[in-house]
Structure formats: C-alpha cells, structure tokens
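These are the residues of each chain, in order.
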Amino acid sequence: MNNAFLLTLDTLNFREWSELTSNTKKCIDFCQQVGLIGYTLNEGCAKDHKKWKLGVSSRATDGYVWRCGECKSTRTIRDGTFFSKSKLEIRQVLDLMYFWSQSLDSHAMLRRHCNFASESTVVDWKNFVRDICGEYFLKHPVAIGGVGHIVEIDESAWTKRKYNRGRTVSNQWVFGGIDRDTRECFAVLVDHRDAATLLPIINEFILPGTTIYSDQWAAYNNIANGAHPQKYTHQTVNHSVNFVDPITHTHTQNIENLWMCMKMKKKSQMGQHVSLLGTHLVEFMWRRRFGERPFEYIIRSIQEKYPV
Ligand SMILES: [Zn+2]
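A short tour of the structure in this document, coming up. The structure presented is a predicted model; accordingly, all values stated were derived computationally and were not measured.

What counts, and at which threshold
- Residues numbered from 1 in each chain as written.
- Predicted model: local features only at pLDDT ≥ 70, side-chain atom pairs only at ≥ 80, totals over all residues.
- Heavy atoms only, no water.
- Buried < 20%, exposed > 50% of the residue type's maximum accessible area, 1.4 Å probe, protein only.
- Helix = DSSP H or I, 4+ residues; strand = E, 2+ residues; numbered from the N terminus.
- Pairing = 2+ DSSP bridges.
- Donors = N, O, S within 2.8 Å, 3.2 Å for Na, K, Ca; no water.
- Tetrahedral: all angles 85-135°; square planar, octahedral: opposite > 155°, others 65-115°.
- Axes fitted to C-alpha atoms, helices over the stretch in contact; angles between N-to-C directions.
- Parallel < 35°, antiparallel > 145°, perpendicular 65-115°, else oblique.
- Contact = heavy atoms within 4.5 Å.
- Nonpolar A, V, L, I, M, F, W, Y, C, P; charged D, E, K, R; others polar.

### A look at the pairing of strand β2 (residues 64-68)
Counting buried positions along β2 yields four of five residues, so the element is predominantly enclosed. Relative to strand β3 (residues 74-76), β2 is paired through three bridges, and the arrangement is antiparallel. The partner of Val65 across the bridge, within β3, is Thr76. Hairpin connection from β2 to β3: five residues lie between these consecutive antiparallel strands, with Lys72 at a positive phi of about 70 degrees.

Here it is in structure tokens:
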C-alpha cells in the first residue's frame, strides 16, 4: 500500500481521475497501489508454486489473470478481494467510490457516470458503502469531547412514514451530540427519551471531563450526579424562555444546526426509506469525521475489511 499516493486521492480532479483509471490495466495498477488488489497472491497454486504473475487473458472478465510462472495455472484477480462478489467492472466500482466520496452521489448522477444498468445497482452499492462506514465505527468507536471540550447534546424527532399503512406517520427519535471544537459528532436512533436510554449513550460516546450543554429535558438531570459525579460538568438552557442562557451564555445552536444539516442531506437522497435512517446517520458521522479526505478513507476502510 502506497501511503503517499493515498494522501493525494482527495486532491484529484475529475480529469485526473479519468486519466488515472482510463483502462482496466490502469484500474488494476490503481487498486494495487491503494491495497485493494495485492501484488501477488498469498497462497500457492494447486501444485504449491508461489510464482504468480499478472497476465493478459482474453477469457477473463477483467482481461487479466494471475498466472503461475511454473505450471501456467490461473486464478482470477478478484480472488480474495472485495471485488470478488461483484459482476461490475472494476472501473465502475472505483468510479462509484470516487463520486460517492465527493458527495456527487445522487442516484441519477451515479447511474449515469458509473454506467450502472439499473436503479437497484445504485441502491445496493450505496448500501454497501454505508455498511463499510458502519463497520469502520464498530472497529473505531466514536468518542467525542474530553477535558476542556464542550459537547452539545439534544434529541430530535424524525418523521417516520409507515408505507404499508397508508398515511400514518409517527416519530423516530434521534439522539446526538457535537463537539464544539472538533465538530465531531455522534447520532443514534433511540426508541425512548428517558434517562435509562440516554445516559448509557452519553457514557459511551462522550469522554470524561467534558462539559455538556443541553436543554432542560428531565432525562438529563443526572448527567453530573451519576455514579461518577466528577465525570462531566453539565449546563442547561431553558428553551421555553431563552435560546441562549442570559447568565451562563449556554446554548445548543451547534447541535440544532447539525440536525438541520442531517435532515437536509436526507431529503436530497431520493427514495430514501426510513428503515435506512440508521445507516444514513452513520454515513453522516463518517463524512464528518473524514471531512476533507473521504476518498482516501473509504478506500482505507475497504482495505481494512478486505486485506490483500
Ligand atoms: Zn503452479
């Protein structure tokens, strides 16, 4: 894996990207540089030779195969890589990652520029990329705040349409927080807004020593009086009276803005079903975390899941 090359990925403009991946060989070279395809196979051939060479093959899907330098037996270049289960061309998958990471990810955009045959391919691949984001956070859990940091927390109601029951709507609660300094955030779906639900989430996502700002929702009453009273400092603002506390200047406008961004982003995702809200939040958190380097990090995340 070429780390110096990975660092440049998010500076590529579209012409440079097209040039870099203009044919299958270049796509394979690219994949080798970023660690999505190896420079050889780890295992030997049937006769246990370990002399794999990349060779041209008119019969192979990608036009290239691994060929044993001794007995000439072959393996597909997708073996053991994350391309192994896909019928798409390597270039289509790479294009999807490029466009998705640059937030040029509307269905119409992806379908046209990745040359996808159907709408369901777009949906499948967007879900796949979101799963990658989710798995990233399982391996690298989010923890925001810390000593000297302020984290704003809040709950927000999202409309949930029940498609199979006509026009009934109900609320899905989302609970989240944002670090004022680093802008890192977390957001999770919750079924209840009580202390028993919210306090464990606060403990999971917010580091000890943090000053937490919230509204005066009762569930937050014991944030600073729990089993470890020294863990957090807690300040509130009474939203029914002021949006900024006149004495302490406590406010939660950053988290309100975060909800607005999330809802706007969700609205722009055509055909978004509420069951995807959870993965949508994960994608949002992921994009926040990798700000200016999403292309590099979606590739690193895939690489971590499918090491070659
Ligand atoms: Zn062999």
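### Section: the coordination of the zinc ion
Within the protein, the atoms that donate to the zinc ion are Cys45 (SG), His49 (ND1), Cys68 (SG) and Cys71 (SG), at distances of 2.2 to 2.3 Å. Here the zinc ion binds four donor atoms, and the angle range of 95 to 120 degrees at the metal identifies the geometry as tetrahedral. Read N to C, the donor residues that coordinate the zinc ion are spaced as C-x3-H-x18-C-x2-C. Of the two residues, His49 sits in the loop between α3 (24-34) and β1 (52-56) while Cys68 sits in strand β2, which places them 19 residues apart along the sequence. According to the relative accessible area criterion, His49 is partly exposed, its value standing at 23%.

### Things to note about the packing of helix α6 (residues 119-139) against helix α10 (residues 294-305)
Where α6 contacts α10, the two axes come as close as 10 Å, and the packing angle between them is 75 degrees. When the interaxial angle is binned, α6 and α10 end up roughly perpendicular. Contact residues: Val129, Ile132, Cys133, Glu135, Tyr136 and Lys139 in α6; Ile298, Ser301, Ile302, Glu304 and Lys305 in α10. When the residues that make up the contact of α6 with α10 are grouped by side-chain class, the tally is six nonpolar, one polar and four charged.

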